[in-house]
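Below, each chain spelled out in residue letters.
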Amino acid sequence: MHRHLSRFTNILKSAFFPNRCMVCRCLFYLPCNRSTCSEERVQNDLHGAFLDLTAQFVCHSCTPRFTPVESPVCEMCGIMFQSREGEDHLCGECRKTPKKFTRARAAVVYDDFLRTAILGFKYRGKTGLAKPLENILFAAFVHYSYENKIDLVIPVPLYIKRFRQRGFNQSFLLIYNWMGKVSNSDHLNPFQVCHRVLERCRQTKPQAGLDRKERASNLKNAFTLRNPSAVFEKNILLVDDVYTTGSTVNECADVLLQGGAKRVDVLTLARAM
Ligand SMILES: [Zn+2]
Ligand SMILES: [Zn+2]
């Protein structure tokens, strides 16, 4: 009864108070037949679940512009292969130089559209986007985490000066409510969210646009482990907003593994292709 009532109020609310699209800023009405994104749905139809989740904060014309990352992808770095047929396998790059992390996965493709959303969230203070983007990332987490147990979720840290300028670490905001969500689940193993284990001890340049050698020197000794005993023998999931060259998460994974972590996986909201 209560559920029907709250559904009814939701319908009324959306009829009188349209939402503003977080991307193009137009006004739109929420779909009345919103389906919930159960774990089962996320497991079996991730694409559909993403569309439902995005329909709650972007308008009908913007929703289809989100492109989910779908197989076949590289087993290791998660890049989507141009050919849309066949199984996941290692890409040439990962075969030549294997990554330190075991597997990187992302929810959606980092295209112009998603860039607008993420830049708005990071630099223009649209922190209202944190919640919907978190829901999308969490759906991807549920989808990919069934295969191995995660003990510790760590957001990629910001340099303290950058953190003070921005006022928040976007990667931490994206996982802020995860523990609560997991405690309501029958299937997901509990884990800890830890944002103080890994530290970025100096400012680095953006990795995009640097060549391989510059990237390596840019990140050299940029991260330190503050508490090695916290990561010892742990299965770790590193979370970031965007995977571009992968060198930042790879460097973090290296530091964590050298500190005794058992395995490091990576999950990002978006993946540059
Ligand atoms: Zn829109
Ligand atoms: Zn690869």
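Quick look at the structure, then.

Cut-offs applied
- Residues numbered from 1 in each chain as written.
- Chains lettered and ligands numbered in written order.
- Predicted model: local features only at pLDDT ≥ 70, side-chain atom pairs only at ≥ 80, totals over all residues.
- Helix = DSSP H or I, 4+ residues; strand = E, 2+ residues; numbered from the N terminus.
- Expected span 1.5 Å × (residues − 1).
- Buried ≥ 20, exposed ≤ 12 C-beta atoms within 10 Å, placed from the backbone.
- Pairing = 2+ DSSP bridges.
- Right-handed = clockwise from strand over helix to strand, strands pointing away.
- Core = buried A, V, L, I, M, F, W, Y, C linked by C-beta atoms within 7 Å.
- Domains from an automatic or database assignment.
- Contact = placed C-beta atoms within 7 Å.

An ideal rise of 1.5 Å per residue puts 22 Å on 16 residues; helix 6 (residues 130-145) measures up with 21 Å between its terminal C-alpha atoms. Counting buried residues along helix 6, 13 of its 16 residues qualify, which places the element largely inside the surrounding structure.

In this section: the pairing of strand 8 (residues 235-243). Judged by how many residues are buried, strand 8 sits mostly within the fold: seven of nine residues are covered. Bridging between strand 4 (residues 152-155) and strand 8 involves four bridges; their strand directions are parallel. Bridge assignment links Pro 155 to a residue of strand 8, and that residue is Val 239. Examined bridge by bridge, strand 8 and strand 9 (residues 263-271) share eight bridges and lie parallel to one another. Following the sheet pairing, Tyr 243 is matched in strand 9 by Arg 271. Regarding the hand of the β-α-β motif, the stretch spanning strand 8, helix 12 (residues 247-258) and strand 9 is right-handed.

If you look at the biggest cluster of nonpolar residues, it comprises 63 residues, and the most contacted ones within it are Ala 107, Val 108, Ile 136, Ala 139 and Leu 238. It is helix 6 that contributes the most residues to this core, nine residues altogether. Built from parts of two domains, this core gets at least three residues from each of domain 1 (1-66) and domain 2 (67-271). The contacts of Val 108, once residues within four sequence positions are left out, are Phe 50, Phe 66, Thr 67, Pro 68, Val 69, Leu 114, Ile 136, Leu 269 and Ala 270.

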